[in-house]
Amino acid sequence: EDIAFAHLQLKQYDSVLYYQHKHRHNIDSLTTDLSVRKRFVSSLWGFSSDIQLAHRQYDSVLLQVLPNLAKQRLNKDVVPLMYSLLVTGKAFLGKGDYPASLSHTRELYQLAASIDNKQFLKDASQLLATTFEKLKQSDSAYVYFHQYVTLKDSMETAQYAGRVALYLAASEANSKISLLQ
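Being a predicted model, the structure only gives us computed values, none of them experimental.

Student: Help me understand unusual backbone geometry, please; the structure alone is not making it clear to me.
Tutor: Both trends apply: most residues other than glycine have a negative phi, and most peptide bonds are in trans. Positive phi is not limited to glycine here, since Arg56 has a value of about 60°. As for its position among the elements, Arg56 is in the loop between helix H3 (34-54) and helix H4 (58-75). Residue Arg56 is classed as exposed on the basis of its relative accessible area, which comes to 66%. You will see that Asp116, though not glycine, has its phi angle at about 55°, which is positive. Here Asp116 shows up in the loop between helix H6 (98-115) and helix H7 (118-134). A relative accessible area of 52% places Asp116 in the exposed class.

Below is the structure:
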């Protein structure tokens, strides 16, 4: 699954599909527990919607995602709901239906802000900035773009700090090992 995600980030969609199918085969052969399978099937669905968005198959994505939104709202399935809102916002933006994109993306933004999910808040800010730019509302686009950049920078800084701390800890451990030898 991680390899498929890495290929998705690199926009190598054939490799994504290959590793998705391989992952699905592994799940089917390793477990018969439906709850486990359901969890991993939803992550595979996420990759396929990203691939469909990249190929501009907006109607297909919307047909898959929209029927599940009401269920996800009722079940308070927060992370899948946020992902579905992000996907529908992107699909409506791609189709040029800016009011629908704004509606879904604003819901995503509010939900992500209420639970302090920085990743979805960043994605929603970027999508809102792009949508407002398409609507020629540059003031609103600037506000959301500024939030996007601020979140992106803070997330990257935290990630870098974590890597540095890990490197320092590994270096210290290697020093101690060297002293013992």
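Text resumes after the structure shown.
Student: Please clarify how the nonpolar core should be interpreted in this entry.
Tutor: Within soluble globular proteins, side chains that are nonpolar tend to cluster in buried spots. Within the largest apolar cluster, 31 residues are counted, with the highest numbers of intra-cluster contacts made by Leu108 and Phe120. Elements with a contribution of two residues or more to this core: H4, helix H5 (78-95), H6, H7 and helix H8 (138-180). The dominant element in this core, judged by the number of residues it contributes, is H5, at nine residues. Setting aside residues up to four positions removed in sequence, Phe120 forms contacts with Val79, Met82, Tyr83, Leu86, Leu108 and Ala112.

Student: I'm lost on the pattern of salt bridges in this one. Help?
Tutor: Any two side chains of opposite charge can pair, so long as their charged atoms come close to each other. Under the definition given, this model contains five salt bridges. Glu156 is the partner of Lys152 in a salt bridge, and the nearest nitrogen-oxygen pair spans 3.4 Å. With Lys152 and Glu156 both in helix H8 and four residues apart, the pair spans about one turn of that helix. Given the relative accessible area of 30%, Lys152 is considered partly exposed. Looking at Glu156, the relative accessible area reads 40%, which means it is partly exposed. A salt bridge links Glu172 to Lys176; the nearest nitrogen and oxygen atoms lie 3.4 Å apart. Residue Glu172 and its partner Lys176 are both found in helix H8; the two are separated by four residues, about one turn of the helix. Given a relative accessible area of 46%, Glu172 falls into the partly exposed group.

Here is what the cut-offs are and how they apply
- Along every chain, residues carry numbers that run from 1 in the direction the sequence is written.
- Residues qualify for local features only when their pLDDT is at least 70, as the model is predicted, and side-chain atom pairs are given and counted only at 80 or more; totals for whole chains, interfaces and linings, by contrast, use all residues.
- The side-chain values count all of the structure's non-hydrogen atoms but skip hydrogen atoms and water molecules.
- Numbering of helices and strands runs from the N terminus, with a helix taken as a DSSP run of H or I at least four residues long and a strand as a DSSP run of E at least two residues long.
- When accessible area is computed with a 1.4 Å probe and restricted to protein chains, residues below 20% of their type maximum are described as buried, those above 50% as exposed, and intermediate ones as partly exposed.
- For this analysis, a nonpolar core means a set of buried residues of the types Ala, Val, Leu, Ile, Met, Phe, Trp, Tyr and Cys, connected via side-chain atoms within 4.5 Å.
- Contact between two residues is taken to exist if any of their heavy atoms lie within 4.5 Å; hydrogens are not considered.
- Within this document, salt bridges are pairs made up of a side-chain nitrogen of Lys or Arg and a carboxyl oxygen of Asp or Glu, the two lying within 4 Å of each other.

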